[in-house]
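# Observations on the model geometry
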Amino acid sequence: MTLLDVWLSRSLPMWLLLQSLVLMALCFPSASMCPKGCVCQRFDLHHLHLHHQGLNVNCSQSRLKEIPGDLPVDTVVLRLDRNHIAAVPDRVFRGLALLRELNLSYNAVETLGEGAFSGVEATLQVLDLSHNRIASVHKDAFARLKARVVVDDNPWHCDCALQQAIGGMAHNHEAAARVLCRSSELRDQEGRPFLAVDTDLCNLAKRTTDYAMLVTMFGWFAMVISYVVYYVRQNQEDARRHLEYLKSLPSKPKKPDEADDISTVV
């Protein structure tokens, strides 16, 4: 047996062990890849026309108060429902280039910023935001999303920003049909479906602002006129009093010399 044969016989078991570890790492997510409190399962993506594997990350009912920051980059399905998540920070899902489905239902989200779904606009197909506390959103929160969005059962405030946000969604009619106005810029709209709003709320807000400015300007103008009238009347009163004072003064008596001079001339 040559030295090469001896080296190969000793190295081969180690090589097979390394190969097995590599295959296991590729086929199964390690504990460090999966966020704490979540369960990660790998599955094929052939039905999505992608020739590799992705992760189904299930963090449902995990008592999470915020979105995990260590989500695997190959996450395809992310379930964050039934937690205590109160906010969706801007760009929190950046880097998840394979994300197709995101479930944030039954949480405590109150508002959505412009960049809440930045980085996943092109890939996301389903976004569930139902049963939260969302009252307001940035007008461009859904602008670039191609996903089907579920937004029902939220205490919506129907205003210009929401009208613009719903109008910019790819499936705006389906989403808008499930939006009920908990409050509204229009008093008679409260408790009614968002689709029942046939008024341009953005123009309404502009008209309201213009009206407020007009009222303010009129108020200032009335104050100036009132001051001028008061000033003129006050001056007239002072002039009248001064004139009455002058009239009340005794007339100046004539001197005796002046009277004698007049008699002499005559």
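Residues numbered from 1 in each chain as written. Predicted model: local features only at pLDDT ≥ 70, side-chain atom pairs only at ≥ 80, totals over all residues. Heavy atoms only, no water.

## What to know about the state of the cysteines
Heads up, the rule is: Any two cysteine sulfur atoms lying within 2.5 Å of each other are counted as a disulfide. A simple rule labels every residue: compare its accessible area, found with a 1.4 Å probe on the protein chains alone, to the largest value its type can have, and call it buried under 20%, exposed over 50%, or partly exposed in between. Strands here mean DSSP runs of E at least two residues long; helices mean DSSP runs of H or I at least four residues long; both are numbered from the N terminus.
Evaluation of the coordinates by the stated rule reveals four disulfides. The disulfide that involves Cys34 links it to Cys40, with 2.1 Å between the sulfurs. Classification of the bridge connecting Cys34 and Cys40 rests on its S-S torsion, roughly 90 degrees, and on that basis the disulfide is right-handed. For the pair shown, Cys34 and Cys40 are each scored as buried. Residue pairing for Cys160: its cysteine sulfur links by disulfide to Cys202, the two sulfurs lying 2.0 Å apart. Handedness of the Cys160-Cys202 disulfide follows from its S-S torsion of about 90 degrees: it is right-handed. With Cys160 in helix H2 (residues 160-167) and Cys202 in helix H4 (residues 201-248), the pair connects residues that are 42 residues apart, well separated along the chain. Sequence-ordered numbering of the disulfide-bonded cysteines in the chain gives the connectivity 1-3, 2-4, 5-7, 6-8.

## With respect to the pattern of salt bridges
Note the cut-off: Only one rule defines a salt bridge in this text: a Lys or Arg side-chain nitrogen within 4 Å of an Asp or Glu carboxyl oxygen.
In total, this model carries four salt bridges according to the counting rule given. Residues Glu121 and Arg144 are paired through a salt bridge, measuring 3.8 Å at the closest nitrogen-oxygen approach. Here Glu121, found in the loop between strand S5 (111-112) and strand S6 (126-128), pairs with Arg144, found in the loop between strand S7 (136-137) and strand S8 (148-150); they are 23 residues apart in sequence, far enough to count as distant. Take Glu121: its relative accessible area is 17%, and that puts it in the buried class. Here Lys139 and Asp140 are joined by a salt bridge, their closest N and O atoms 3.1 Å apart.

## Concerning empty space enclosed by the protein
Note the following rule: Points on a 1 Å grid, built from protein atoms alone, make a cavity when a 1.4 Å probe fits but cannot get out and make a pocket when they are open with protein on both sides within 12 Å along at least 5 of 7 lines; residues with an atom within 4 Å of a point are the lining residues. Grid points are joined across faces, edges and corners, and a volume is the space filled by probe spheres set on the points.
Inspection of every chain in the model, using the stated rule, returns one cavity of 30 Å³ or more. In this structure, the largest cavity occupies an estimated 40 Å³ of space. Around the largest cavity, the lining residues are Glu114, Gly115, Phe117, Ser118, Glu121, Asp140, Ala141, Ala143, Arg144 and Leu145.

## A word on the packing of aromatic side chains
Applicable threshold: Under the pairing criterion, centres of Phe, Tyr and Trp rings, with the six-membered ring standing for Trp, must be within 6.5 Å; the plane angle then separates stacked pairs below 30 degrees from edge-to-face pairs above 60, leaving the rest tilted.
Evaluation of the coordinates by the stated rule reveals two aromatic pairs. Between Phe93 and Phe117 the ring centres are 6.4 Å apart and the planes differ by 0 degrees, which places this aromatic pair in the stacked class. Residue Phe93 is located in the loop between strand S3 (75-79) and strand S4 (101-103), and its partner Phe117 is located in the loop between S5 and S6; the two are separated by 24 residues in the primary sequence. As far as the burial class goes, Phe93 and Phe117 line up, both buried. For the ring pair Phe117 and Phe142, a centre distance of 6.5 Å and an interplane angle of 20 degrees mean the geometry is stacked. In this pair, Phe117 sits in the loop between S5 and S6 while Phe142 sits in the loop between S7 and S8, placing the two residues 25 residues apart along the sequence. Of the two residues examined, Phe117 and Phe142, each falls in the buried class. Following the ring pairs from residue to residue traces out a cluster consisting of Phe93, Phe117 and Phe142.

## Remarks on the nonpolar core
Just so we agree on the cut-off: Throughout, nonpolar core names a set of buried Ala, Val, Leu, Ile, Met, Phe, Trp, Tyr and Cys residues whose side chains join them through atoms within 4.5 Å. Here a residue-residue contact requires only that any non-hydrogen atoms of the pair lie within 4.5 Å.
One finds Leu80, Phe93, Leu102, Leu112, Phe117, Leu129 and Phe142 to be the most contacted residues of the largest nonpolar core, which totals 45 residues. Counting only elements with at least two residues in this core, the list comes to strand S2 (53-58), strand S9 (156-158), H2 and helix H3 (172-176). Examining the composition of this core, we find that three residues originate from one element, H2, more than from any other. Leave out the neighbours within four places in its chain, and Leu129 touches Leu104, Leu112, Phe117, Ile134, Phe142, Val149, Val150, Val151 and Asn154.

## Some thoughts on the confidence of the model for the chain
Applied cut-off: Known as pLDDT, the predictor's per-residue confidence is scaled from 0 to 100.
For the chain, the average pLDDT comes to 78, and 69% of its residues sit at 70 or higher. Least confident of the elements in the chain is helix H1 (residues 3-27), whose mean pLDDT is 49; most confident is S4, at 98. Long-range and interchain partners of residues 20-32, a stretch whose pLDDT sits below 50, account for eight contacts in this model, where long-range means more than four residues apart.

## Quick look at the side chain of Ser60
Filter applied, for reference: Distance and chemistry together define a polar contact, namely a pair of N or O atoms within 3.5 Å, with one atom able to donate a hydrogen and the other to accept it when in protein, and with adjacent residues in sequence counting only for side-chain atoms on both sides.
The topology assignment puts Ser60 in the loop between S2 and S3. A polar atom in the side chain of Ser60 sits 2.7 Å from the side chain of Asp81. Excluding residues that lie within four positions of it along the chain, Ser60 makes contacts with Arg79, Asp81 and Asn83.

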